[in-house]
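Notes for the structure review
If you want the building blocks of each chain, they are given just below.
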Amino acid sequence: MKVMKDWRWVRGTVFVPTNAINEAQEWDEYDPNVNDRELHCASVYGITCVRVFLYDLIYEKKKDAFLKEIEDFLTRADKYHIKVEFVFFDSCWNNPPPDILDPKYVYPPPIYGTHNSRWLKEPSDDYLAKYLENKDPSYKTKLKDYVESVVNAHKNDPRIAFWETYNEPDSSKEPAQLQLMADSLKWIHDTGSTIPVTATGTDHPGDPYSDFLTWHKYGGDYDIPQIPIYSLCTECMERQDMTVPNIVSHFRDKVGFIMWEFGIGRDNCRFNWDQTGAKHATQENSTPFHGIVFPDGHPWSVDDVRALVGEEAFNKEPLFKVRYYLDPTFTTLAKESVTPMIDFDLNDEKGTNVPDSTIRMPESNWSVRWTGLIAAPQSGDYTFTVDGDNAVKVIVDGRTVINKTDLGRGTTNGNVILPGDHPVPIEIDYVHTTGLSSLHLDWSGPGVSKQAVTPVAQ
């Protein structure tokens, strides 16, 4: 019996934190702060649902912590009014390394210039073969326990939009994957969960093992191959043939859609599908293949955000204006954008060690300026705190509140009296010379516990 639900409310993205190379690291090294700030950005930018890949070996590695982290993620997503769908199995890309279950396992860096360089299949090809042979019942027992434990903890959880048993089941391994899709659908149904279940269909063999139809669409024709409303596109958007504004204009009010992906980060989906092996990229693309938002919270294109939230709503969004300069003196402007807060930590890897890889920012000696309006809820004395590297100046209502000049990372505070519920201008100037780049701007005061500074609409 098929589930007839209207999925047109879904404006979604695949969600992989920008600090993770793959879905295994996402959960093995779960970072609540990174997940929270990227979910915050997603909500401001109009995302209503995120597609999140789980990983069976991480469940096996740290079952109790894994289940707690799923609950933590759902709580954070719900805080921002974002629904979640979880994917249990995936046929794509690389087999997991043999030592991933080792507590001391260290995740390798991404392979530069290579699309999706460290993404992992689950289960592995070897595991699938043994699963189908069924000579050792422990294989089925482990996967059944994994699926049932997650579902039983959230059988009727309104924060979860649907379960997805299998992403893009592969016809070349069809017997094993068909069996696992059939088994996992039954396992979920047997828990009594009222949440619908799907697996990728249309060009993949998931339709008979789904409560409703899901499909993937890449390519410039923007076809909707299934009856709209009651089916859902769970993957789309690659910038060789598609754009976010065109996805929105073709799909909105006709069918729900989930784009690959939200963050432009360490999973390397900013590189094209064909940029692998000997054809890997040797420098950054000027247009990211996938992804909407960089780790510092600004979108690759403001037009993407305008399309997702709508022009009228965009003009009311609480956003800083941000300008990126290719020098430390705020002279050579490279890009103007927006961001909902100033809260980021970059790494030392080529391409993700600068706020925007597409504008050829140098690895050192660049600057950023944020401007906007803030409104204190009550009149009184407010403390601003900068945690960051290099030089940072914070100017509130024309007064310099913080002027950090030392080059090392450190914390600096400053105080200012603000009027209640009356917007005042704020400017933050940041100069990065060398080393890791981090900047976090918080405030506290009457009616405000210490938290990231967020602007009001300008």
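Here the structure is shown first, and the text comes after it.
Residues numbered from 1 in each chain as written. Predicted model: local features only at pLDDT ≥ 70, side-chain atom pairs only at ≥ 80, totals over all residues. Heavy atoms only, no water.

**Some remarks on helix α7 (residues 174-190)**
- Here α7 spans 24 Å end to end across 17 residues, near enough to the 24 Å set by a 1.5 Å rise per residue.
- Restricting attention to buried positions, one finds in α7 the residues Ala176, Gln177, Leu178, Leu180, Met181, Asp183, Ser184, Leu185, Trp187 and Ile188.
- If you follow the buried residues of α7, they end up packed against β3 (83-90), α5 (125-133), α6 (138-152), β4 (160-167) and β5 (197-199).
- Once α7 ends, the next one or two residues include glycine 192, with phi positive near 85°. (Helix = DSSP H or I, 4+ residues; strand = E, 2+ residues; numbered from the N terminus. Expected span 1.5 Å × (residues − 1). Buried < 20%, exposed > 50% of the residue type's maximum accessible area, 1.4 Å probe, protein only. Contact = heavy atoms within 4.5 Å.)

**Describing the pairing of strand β8 (residues 256-259)**
- The side-chain alternation of β8 yields two buried faces, one formed by Gly256 and Ile258 and the other by Phe257 and Met259.
- Two strands pair when backbone bridges link them, and strand β1 (residues 11-14) and β8 are joined in this way by three bridges, in the parallel orientation. Bridged to arginine 11 within β8 is phenylalanine 257.
- By the bridge criterion, two bridges tie strand β7 (residues 232-236) to β8 in an arrangement that is parallel. Along β8, the bridge assignment pairs cysteine 233 with phenylalanine 257. (Pairing = 2+ DSSP bridges.)

**Here's the deal with the nonpolar core**
- In terms of nonpolar packing, the biggest core is built from 82 residues, with Trp27, Phe86, Phe88 and Trp163 touching the most fellow members.
- Here this core gets seven residues from one element, more than from any other, and that element is α7.
- The residues contacting phenylalanine 88, other than those within four sequence positions of it, are Leu54, Glu122, Tyr146, Val147, Val150, Val151, Trp163, Glu164, Thr165 and Ile188.
- Core analysis: the second largest hydrophobic core is formed by 33 residues, Ile374, Val401, Ile402 and Val416 among them. (Core = buried A, V, L, I, M, F, W, Y, C linked by side-chain atoms within 4.5 Å.)

**A closer look at the side chain of arginine 159**
- Examined against the element boundaries, arginine 159 turns out to sit in the loop between α6 and β4.
- The exposure class assigned to arginine 159 is buried, which follows from its relative accessible area of 15%.
- At a separation of 2.9 Å, a polar atom in the side chain of arginine 159 contacts the side chain of glutamate 71.
- Polar contacts involving the side chain of arginine 159 include one to the side chain of aspartate 157, which spans 2.7 Å.
- Not counting chain neighbours up to four residues away, the residues in contact with arginine 159 comprise Glu71, Leu74, Thr75, Asp78, Lys83, Val84 and His154. (Polar contact = N/O pair within 3.5 Å; in protein donor to acceptor, adjacent residues only side chain to side chain.)

**Description of the sheet that holds β7**
- In space, the eight strands of this open sheet follow the order β5-β4-β3-β2-β1-β8-β7-β6, with parallel pairing throughout. Only two strands of the sheet have a single neighbouring strand rather than two, namely β5 and β6 (214-217). The average undirected angle you get between the axes of adjacent strands in this sheet is 25°.
- In the packing of helix α4 (residues 63-79) onto the sheet, the strands contacted are β2 (49-53), β3 and β4, and the crossing angle to β3 comes to about 145°. (Axes fitted to C-alpha atoms, helices over the stretch in contact; angles between N-to-C directions.)

**Comments concerning the layout of surface pockets**
- Here the largest pocket defines a volume of roughly 360 Å³.
- Lining the largest pocket are 24 residues, with Asn19, Arg37, Asp345, Leu346 and Asn347 sitting closest to its centre.
- Per-class residue counts for the lining of the largest pocket are five nonpolar, 10 polar and nine charged. (1 Å grid on protein atoms, 1.4 Å probe; cavity = no way out; pocket = protein on both sides within 12 Å on 5 of 7 lines; lining within 4 Å. Points joined across faces, edges and corners; volume = space filled by probe spheres on them. Nonpolar A, V, L, I, M, F, W, Y, C, P; charged D, E, K, R; others polar.)

**Topic: the packing of α5 against α7**
- Their axes nearest at 9 Å, the elements α5 and α7 cross at an angle of 75°. In terms of their interaxial angle, α5 and α7 are classed as roughly perpendicular. Counting all contacts with α5, which are made through Leu128, Tyr131 and Leu132, the residues of α7 involved are Pro175, Ala176, Gln177, Gln179, Leu180, Asp183 and Trp187.
- When the residues that make up the contact of α5 with α7 are grouped by side-chain class, the tally is seven nonpolar, two polar and one charged. (Parallel < 35°, antiparallel > 145°, perpendicular 65-115°, else oblique.)

**Focus: the environment of glycine 277**
- On the secondary structure map, glycine 277 appears in the loop between β8 and α9 (302-309).
- Separated by 164 residues in the primary sequence, glycine 277 and glycine 113 have C-alpha atoms spaced 9.1 Å apart.

**Structural notes on the packing of α5 against α6**
- Where α5 meets α6, the closest approach of the two axes is 8 Å, and the angle between their N-to-C directions is 110°. Overall, the two elements α5 and α6 adopt an arrangement that is roughly perpendicular. Taking contact as the criterion, the partners of Tyr127, Lys130 and Tyr131 in α5 are, on α6, Ser138, Tyr139, Lys140, Lys142 and Leu143.
- Here the residues of the contact of α5 with α6 sort into four nonpolar, one polar and three charged.

**Topic: the sheet that holds strand β12 (residues 366-374)**
- What the six strands build is an open sheet, ordered β10-β9-β12-β17-β14-β15; its pairing is antiparallel. In this open sheet, the two edge strands, each paired with only one partner strand, are β10 (333-339) and β15 (399-404). Averaged over all neighbouring strand pairs, the angle between strand axes comes to 15°, with direction disregarded.

**Some points on the packing of aromatic side chains**
- Inspection of every chain in the model, using the stated rule, returns 32 aromatic pairs.
- Of the aromatic side chains, those joined through ring pairs into one cluster are Phe15, Trp27, Tyr30, Tyr59, Phe66, Phe73, Phe88, Phe89, Tyr146, Trp163 and Tyr166.
- The side chain of arginine 369 reaches across the aromatic face of phenylalanine 330, ending 4.3 Å from its centre. (Phe/Tyr/Trp six-rings, centres within 6.5 Å; stacked < 30°, edge-to-face > 60°. Lys NZ or Arg CZ within 6 Å of the ring centre and 35° of its normal.)

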